[in-house]
Amino acid sequence: MPPDGHWENYRLLLFDGVQQLANVTLDQDAVNFTFPATQLTPGKLYRAVLRVESGGLSTEVAARDQQFLLRSVLNLHIRHSDETSLSAMWSHAPLGLRDGYFLTIRHGSYQDTREVDPNMRECTFNVLTPGRPYIINVATRSGQLNTSVSVKGRTVPLALRSLSLSSSSSDSLQASWEKPPGDMDSYTLILLQDSVMIQNYSVPVGSSSLLLSGLTPGALYRLQAATVSGGVVSMTTSVDARTSEAL
C-alpha cells in the first residue's frame, strides 16, 4: 500500500550482502517489479529494499530477504544396482549455490535417508531387499529452500537356490529348486542340448518344480534358470543331467 503524504517516486534497491546489485526508480503507481533472472544466482540470498523519495529525501518503507529459485539436479539416474544396493548418480545444476543434497529412498512404509556434501554426485543405499522396486529422491538444499527430483530403481533378484535336475524317464527330466529370499515375479528356465535352446519356460513364482518332457533317451542336457522381478533378471544358475537310456 502506498505511504501517506506527498512523495514523488519509489526507489528499489537489490543487495547481495553489502554489494548493491540494482537501483531502480519506479513510478508512484507501480505495485511490483521483477529483477532479471540472468542477474541472479539460483539458491543465493538477496535483500530488496523499497524507499520513497521526495525532493532529494528518501525513506525506507519495506525490506525483505529472499532466496532466488533453486534448481534441481540434472540427469538423475541409477548408476549401479545389485541384489542389496542401489546407487544414484546426478549432475549438478550449472548455476546456483547449494548447502548440500538430502536423499531419501523408500518403498511402501520403508524409508532411509542420506545427507551428502554439495560437491557429491553419487550416493549408494545398502542393505536393501533383493528384487524390490524403490524410489530415490534427491533434494537440493540452500538455506530454507529445497527442490527435488526422483528416480525409480530396482534391486536385482537373488538367483535360484538348490537347483537340481534328474532323470525322470528315458524322455524326461525333473527340475526342482528352492525359492530365494526377496521379491520376484517368476522364474525363467531354458533347456539346452549341445548349446542349442530346445525348450524355454516362464514359471510362476509359486512353483518349485517342472517336468521337462519330449527329450531324447540317453542325451545330455543343460538347464539354465533365473529369477525375474519387474523385468530385472538374476544371475543364471546352471545344472546338467542326462536322460535314462531307452530299454
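Caption draft 1: Representation of the sheet that holds strand β10 (residues 133-142) within the structure. Taken together, 4 strands build an open sheet; the order of strands is β8-β7-β10-β11 and the sheet is antiparallel. The sheet is open, and its two borders are formed by β8 (110-116) and β11 (145-154), each paired with just one other strand. In this sheet, neighbouring strand axes are inclined to one another by 20° on average, regardless of whether the strands run parallel or antiparallel.

Caption draft 2: Structural context of the sheet that holds strand β16 (residues 209-213). As summarised here, the arrangement of the 3 strands in space is β12-β13-β16, forming an open sheet in which the pairing is antiparallel. Here the strands that pair on one side only, and so sit at the sheet edges, are β12 (161-169) and β16. Each neighbouring strand pair of the sheet contributes to a mean axis angle of 20°, computed without reference to strand direction.

Caption draft 3: Quick peek at the pattern of salt bridges. Under the counting rule described, the total for this entry stands at 4 salt bridges. As a salt-bridge pair, R114 and D112 come within 2.8 Å of each other at their nearest N and O atoms. Residue classification places R114 among the partly exposed residues on the basis of a relative accessible area of 26%. Here D240 and R222 are joined by a salt bridge, their closest N and O atoms 2.7 Å apart. Within this pair, whereas D240 is found in strand β19 (residues 237-242), its partner R222 is found in strand β17 (residues 220-229), the two being separated by 18 residues in sequence. We classify D240 as partly exposed; its relative accessible area is 38%. Since its relative accessible area comes to 40%, R222 is described here as partly exposed.

Caption draft 4: Representation of the environment of S186 in the model. Secondary-structure assignment places S186 in strand β14 (residues 186-193). Spatially, the C-alpha atom of S186 lies 9.7 Å from that of G231, the residues being 45 residues apart in sequence. In this structure S186 touches S202, V203, V205, A226, T227 and V228, once residues within four positions along its chain are discounted.

Caption draft 5: Highlighting the pairing of β10. Buried residues dominate β10, accounting for 7 of its 10 residues. In the sheet, strand β7 (residues 100-107) pairs with β10 via 7 bridges, with the strands oriented antiparallel. Each residue of the ladder has a partner; that of R106, found in β10, is I135. Bridge count between β10 and β11: 10 bridges; the pairing is antiparallel.

Parameters at a glance
Residues numbered from 1 in each chain as written. Predicted model: local features only at pLDDT ≥ 70, side-chain atom pairs only at ≥ 80, totals over all residues. Heavy atoms only, no water. Pairing = 2+ DSSP bridges. Helix = DSSP H or I, 4+ residues; strand = E, 2+ residues; numbered from the N terminus. Axes fitted to C-alpha atoms, helices over the stretch in contact; angles between N-to-C directions. Salt bridge = Lys/Arg side-chain N within 4 Å of Asp/Glu carboxyl O. Buried < 20%, exposed > 50% of the residue type's maximum accessible area, 1.4 Å probe, protein only. Contact = heavy atoms within 4.5 Å.

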